[in-house]
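Chain residues, written in single-letter form:
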Amino acid sequence: MRRAVIAAAVMVTALLAGAAPAQATEPAGGAGAHGGWVPAPSAAFEQPAGARCDFAIRSEPIRDEVRKLVLDTYADGKPKRELYAGDLIVRYTNLETGVFTEVDASGTAMVQYGTDGSMTYYVVGPVIFGFRADGSTLPRGMWLIDGVYTVAFTPTFQKTLTMVHGTTTNLCTLVD
């Protein structure tokens with residue numbers, strides 16, 4: 001498995017080196033269809049107390065220059081593999097105390113989508129993932145994961161983190 005993750009990291013790096021510049025180009029097939037990089041903005045959201053942290057939190061992008069490139073599609077046109085890259089700075093706020101932190105989540109990811117609803121992220125650099133309390137490989141929290149790793153999602157959104165090299169930081173502890 002470790003070799004597969006390293007191979008994926010090398011592939012993501014190689015794809016970035018040979019990919020078109022990260023500029024928004026709307027292909028004929030619509031946003032995200034084969035043909036060019038398109039914006040992939042993150043939406044602000046709130047989570048109630050207990051969902052990810054012991055307290056309610058708000059996540060909001062401060063700088064969001066993330067773009068995606070569809071690398072391959074299924075016969076029905078749904079994406080099979082997509083590449084995500086670009087600057088992303090996110091503010092996490094404890095809604096009970098107002099304490100906040102800003103984190104860099106500007107990693108690069110290649111996402112492979114299964115026909116059964118599963119998906120696997122092959123990541124280099126920092127990305128944020130939320131983990132529930134029920135059955136994932138990290139405890140409940142909003143996790144900034146940095147390094148070279150994969151995160152595999154089952155169709156029911158259980159997550160398995162396979163770390164080749166890197167760090168994990170629960171953002172809940174930074175705003176507690």
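Along each chain, residue indices are assigned from 1 in the same order as the chain's sequence is written. Reporting of local features is limited, given that this is a predicted model, to residues whose pLDDT is at least 70; pairs of side-chain atoms are given and counted only at 80 or more, and all residues count toward the totals for whole chains, interfaces and linings. Values shown for side chains rest on all heavy atoms present in the structure; no hydrogens or waters enter the calculation.

Colleague: Before we go on, may I ask you to explain the overall build of the chain in this structure?
Modeller: Counting from the N terminus, the helices are DSSP H or I runs at least four residues long and the strands are E runs at least two residues long. When its secondary structure is counted, the chain shows two helices and twelve strands. The order of α-helices and β-strands along the chain, N terminus first, is α-β-β-β-β-β-β-β-β-β-β-β-β-α. A separation threshold of at least 6 residues defines the contact pool for the chain, and within that pool the share at least 24 residues apart is 50%. All accessible areas in this document rest on Shrake-Rupley with a 1.4 Å probe, and a residue is counted as covered only by the protein chains that are shown. Working note: accessible area of the chain is about 9,000 Å², and carbon and sulfur atoms make up 54% of it. Should any heavy atoms of two residues lie within 4.5 Å, those residues are considered in contact.

Colleague: How should I be thinking about the sheet that holds strand β6 (residues 88-94) in this particular structure?
Modeller: What links the strands of a sheet is backbone hydrogen bonding, and the strands pair in either a parallel or an antiparallel sense. Pairs of strands are assigned from DSSP output, requiring at least two bridges between the strands. Taken together, four strands build an open sheet; the order of strands is β2-β3-β6-β7 and the sheet is antiparallel. Taken across any chain shown, the strands that pair with only one partner, and hence form the sheet edges, are β2 (45-47) and β7 (100-104). Pairwise comparison of adjacent strand axes, ignoring direction, gives a mean angle of 25° for this sheet. Across seven bridges, strand β3 (residues 57-64) lies against β6 in antiparallel orientation. For Ile 57, the partnering residue across the bridge sits in β6 and is Asn 94. Here the axes come from fitting lines to C-alpha atoms, over the contacting stretch only for helices, and the angles between their N-to-C directions go from 0 to 180 degrees.

Colleague: What's the story with the pairing of β6 in this structure? I'm lost.
Modeller: Looking down a regular strand, the side chains alternate between one sheet face and the other. Residue burial is assigned from relative accessible area. The probe radius is 1.4 Å, only protein chains are included, and a residue is buried under 20% of its type maximum, exposed over 50%, and partly exposed in between. Counting buried positions over the seven residues of β6 gives six, a clear majority of the element. Connecting β6 to the next strand, β7, in antiparallel fashion are five residues, including Gly 98 with a positive phi near 85°.

Colleague: What's the story with unusual backbone geometry in this structure? I'm lost.
Modeller: Most peptide bonds take the trans configuration, and most residues that are not glycine carry a negative phi. In this model, Phe 157 sits at a positive phi of 70°, which is unusual for a non-glycine residue. Structurally, the position occupied by Phe 157 is in the loop between β11 (141-153) and β12 (159-170). According to the relative accessible area criterion, Phe 157 is partly exposed, its value standing at 43%.

Colleague: Is there a simple way to think about the pattern of salt bridges in this case?
Modeller: Pairing between side chains becomes possible if they bear opposite charge and their charged atoms approach one another. Throughout this description, the term salt bridge denotes a Lys or Arg side-chain nitrogen within 4 Å of a carboxyl oxygen of Asp or Glu. Counting across every chain of the model gives seven salt bridges. Its salt-bridge partner being Arg 140, residue Asp 54 comes within 2.5 Å of it at the nearest N-O pair. Of this pair, Asp 54 sits in the loop between β2 and β3 while Arg 140 sits in the loop between β10 (127-131) and β11, placing them 86 residues apart in sequence. The partly exposed category is assigned to Arg 140, whose relative accessible area is 25%. A salt bridge links Glu 82 to Lys 68, with the shortest nitrogen-to-oxygen separation between them at 3.5 Å.

Colleague: Got a minute to help me understand the packing of aromatic side chains in this structure?
Modeller: A ring pair, where both rings are aromatic, is described by two values, the distance of the centres and the angle of the planes. Working definition: a ring pair exists when centres of Phe, Tyr or Trp rings (six-membered ring for Trp) sit within 6.5 Å. Plane angles under 30 degrees give stacked, over 60 give edge-to-face, the rest tilted. For the coordinates displayed, the defined rule picks out four aromatic pairs. On the basis of an interplanar angle of 90° and a centroid distance of 5.3 Å, the ring pair of Tyr 121 and Phe 129 is categorised as edge-to-face. Per residue, the accessibility class of Tyr 121 equals that of Phe 129, and both read buried. Arranged with centres 5.4 Å apart and planes meeting at 45°, the rings of Tyr 121 and Phe 153 form a pair that is tilted. Taken together, the positions of Tyr 121 in strand β9 (residues 119-124) and Phe 153 in strand β11 put the pair 32 residues apart, joining distant regions of the chain. Three or more aromatic residues joined by ring pairs make a cluster, and in this case those are Tyr 121, Phe 129, Phe 153 and Phe 157. Charges are assigned to positions over rings by a cutoff of 6 Å between ring centre and Lys NZ or Arg CZ, combined with an angular limit of 35 degrees from the ring normal. Arg 91 extends its terminal NZ or CZ atom over the ring of Phe 100, reaching a point 4.4 Å from the ring centre. When the ring centre of Phe 131 is taken as origin, the NZ or CZ atom of Lys 159, which lies over that ring, is 5.4 Å away.

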